Amino acid sequence: MTTRFKKMRRGHERMKICFCTDLDKSVLINNFEKRGWVQVSADDDWNFYWAGTGTCRNIFSVDSGYRMHDNQLINHFPNHYELSRKDLLVKNIKRYRKDLERDGNPLAEKTEVNIPGGSKYLYLDFIPVTFVLPADYNMFVEEYRKNPQSTWIMKPCGKSQGAGIFLINKLSKLKRWSREAKTSFHPQIGKESYVISRYIENPLLIGGKKFDLRLYVLVTSFRPLKAYLFRLGFCRFCTVKYDTSVTELDNMYVHLTNVSVQKHGGEYNNHHGGKWSVQNLRLFLEGTRGKEVTDKLFGSITWLIVHSLKAVSSVMASDRHCFECYGYDIIIDNTLKPWLVEVNASPSLTSTTANDRILKYKLIDNILNIVLPPDGIPDVRWNKIPSPDMLGNFDLLIDEEIAAQDEGAPSNNGKSRSNNNRWK
């Protein structure tokens with residue numbers, strides 16, 4: 001028995017750990033019960049709550065009157081939507097870049113390029129050109145007319161799993177859709193806003209098929225920023241070969257990688273679920289493109305994750321009772337440039353294959369090892385610096401507290417102790 005679990009057992013003898021969850025998922029329940037925790041209802045006294053986002057918002061709302069104690073942890077930050085809602089993510093990243101630009105920070109340096117728009121960020125160009133509709137409609141039209149042959153992708157801000165998404169390549173299609181949807185397409189109702197982004201028309205293809213990356217990022221604090229990256233991410237493939245022709249513009253099996261969409265296709269494979277490990281992707285790219293450019297790609301992915309978190313760190317309510325595991329969706333184009341598509345606050349814990357079940361069980365186990373103090377008992381007074389042997393399949397992305405200690409001063413440059421063998 002490891003020292004950690006001896007300590008945990010002694011801790012359990014002092015205190016019974018009670019958990020509750022809104023999700024009836026075996027990967028959660030089995031992990032909690034393995035630790036000797038006891039399930040209770042939300043109305044009982046609990047120490048650990050794996051909640052839905054709505055429950056979390058209710059707990060932290062002023063009207064609830066609920067006051068959390070030092071020995072309670074919950075799996076969402078109160079305003080997680082600053083990162084996970086499509087329109088707010090874009091707004092926060094744009095504000096972050098403008099703030100750095102105003103302060104003369106070299107991270108916000110721009111370069112003149114021969115593309116519509118005239119310039120781009122050298123180091124922070126990791127989201128496609130995006131507008132929020134209806135608010136930014138005129139700005140979108142101005143951008144569209146610079147390159148009328150381009151394709152754009154429309155996504156409802158408050159939905160997930162591919163719901164309500166469609167592609168457009170003509171302004172008339174957007175206008176027609178707006179007329180047809182005018183009863184719900186209302187500027188004053190946030191949930192009915194859409195984001196429209198320039199579609200990545202040159203995705204990296206493997207076997208002729210489009211794919212994206214699903215990566216898991218654990219944040220235990222936003223101020224100071226403490227974040228970890230799970231090595232066992234995976235690629236999600238479309239079931240139909242990529243085709244940019246107009247006739248396939250409405251074929252979501254060609255364009256959307258969401259498993260919730262692809263599993264309904266006739267070509268869906270129940271054995272591997274259209275998934276491929278990040279490790280296999282890395283080996284494939286090293287063999288076909290070379291190690292140097294592959295290393296650069298994965299370094300760029302780490303970079304975009306860290307700076308997307310920094311973009312929201314100032315507006316996120318960094319309550320010490322909270323942690324959160326985000327599902328990052330990233331597209332790689334055929335120049336091996338990564339693009340952040342969206343961030344999910346409640347990545348699916350449903351297992352579509354046996355490998356999926358094993359991966360998600362490890363994910364939850366590793367998360368618990370990181371967010372709990374060494375004795376295994378929730379305690380917000382703990383400094384949230386786990387020992388390296390507790391990280392499991394996670395690597396430290398950034399810990400601003402450790403970086404400040406190492407350098408003897410607060411750090412804003414994204415340095416952190418990290419594992420050079422990340423992704424391998």
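About the criteria used
Sequence order sets the numbering: in each chain, residues are counted from 1 along the sequence as written. The predicted nature of this model means local features are confined to residues of pLDDT at least 70 and side-chain atom pairs, given and counted, to a pLDDT of 80 or more, with totals for whole chains, interfaces and linings taken over all residues. To get the side-chain values, take all heavy atoms of the structure and skip hydrogens and water. Two distance rules govern patches: like charges are joined within 9 Å, and nonpolar side chains (Val, Leu, Ile, Met, Phe, Trp, Tyr) within 5 Å, applied only to residues with over 30% relative accessible area and no salt bridge. Note on areas: Shrake-Rupley, 1.4 Å probe, and residue coverage restricted to the protein chains presented here. We count a salt bridge whenever a side-chain nitrogen from Lys or Arg sits within 4 Å of a carboxyl oxygen from Asp or Glu. A run of DSSP states H or I qualifies as a helix once it reaches four residues; a run of E qualifies as a strand once it reaches two. Both are numbered from the N-terminal end. Definition used in this section: a nonpolar core is a set of buried Ala, Val, Leu, Ile, Met, Phe, Trp, Tyr and Cys residues joined via side-chain atoms within 4.5 Å. Working definition: with a 1.4 Å probe on protein chains only, accessible area under 20% of the residue-type maximum means buried, over 50% means exposed, and in between means partly exposed. Where a domain begins and ends is set by an automatic assignment or by a domain database. Contacts between residues were defined by any pair of non-hydrogen atoms, one from each residue, lying within 4.5 Å. Simply put, an axis is a line fit to the C-alpha atoms, just over the touching stretch for a helix, and the angle between two N-to-C directions goes from 0 to 180 degrees. Orientation categories follow fixed angle ranges, with anything under 35 degrees roughly parallel, anything over 145 roughly antiparallel, 65 to 115 roughly perpendicular, and all other angles oblique. Residues are grouped as follows: Ala, Val, Leu, Ile, Met, Phe, Trp, Tyr, Cys and Pro are nonpolar; Asp, Glu, Lys and Arg are charged; every other residue, Gly included, is polar. Should DSSP find at least two bridges between two strands, the strands are regarded as paired.

## A closer look at a nonpolar patch on the surface
Okay, so step 1: Taken together, the side chains of Leu-122, Tyr-123 and Trp-303 make up a nonpolar region of the molecular surface, amounting to roughly 280 Å² of accessible area.
Okay, so step 2: Inspection of the secondary structure puts Leu-122 in the loop between strand E6 (119–121) and strand E7 (130–133).

## Regarding the nonpolar core
Okay, so step 1: Formed by 59 residues in total, the largest nonpolar core has its most connected members in Ile-305, Leu-309, Tyr-326, Tyr-328 and Leu-340.
Okay, so step 2: By residue number, the principal contributor to this core is helix H11 (residues 291–313), which donates nine residues.
Okay, so step 3: Structurally, this core is a two-domain feature, drawing no fewer than three residues from each of domain 1 (18–78) and domain 2 (81–126 + 203–371 + 384–405).
Okay, so step 4: Ignoring any residue separated from it by four or fewer positions in sequence, one finds Ile-305 in contact with Leu-215, Val-217, Leu-229, Tyr-328 and Leu-397.
Okay, so step 5: Among the nonpolar cores identified, the runner-up in size contains 31 residues, and Phe-32, Phe-230, Leu-368 and Ile-377 belong to it.

## Some words on the packing of helix H5 (residues 86–102) against H11
Each pair of packed helices can be described by the angle between their axes along with the distance between the axes.
Okay, so step 1: One can describe the packing of H5 onto H11 by two numbers: an axis separation of 8 Å at closest approach and a directional angle of 90°. The orientation of H5 relative to H11 falls into the category roughly perpendicular. In this structure, H5 contributes Asn-92, Ile-93, Arg-95 and Tyr-96 to the contact, and H11 contributes His-307, Lys-310, Ala-311 and Val-312.
Okay, so step 2: Partitioned by chemical class, the residues of the contact of H5 with H11 number four nonpolar, two polar and two charged.

## Topic: the sheet that holds strand E4 (residues 73–74)
Okay, so step 1: Here four strands make up an open sheet; going across it, the order is E2-E1-E3-E4 and the pairing parallel. Only two strands of the sheet have a single partner each, and these edge strands are strand E2 (38–39) and E4.
Okay, so step 2: Of the strand pairs in this sheet, strand E1 (residues 18–21) and E2 are connected by two bridges, and their pairing is parallel. Looking at E2, one finds that Phe-19 is bridged to Gln-39.
Okay, so step 3: Relative to E1, helix H2 (residues 26–34) is tilted by about 180°, and along the sheet it contacts E1, E2 and strand E3 (48–50).

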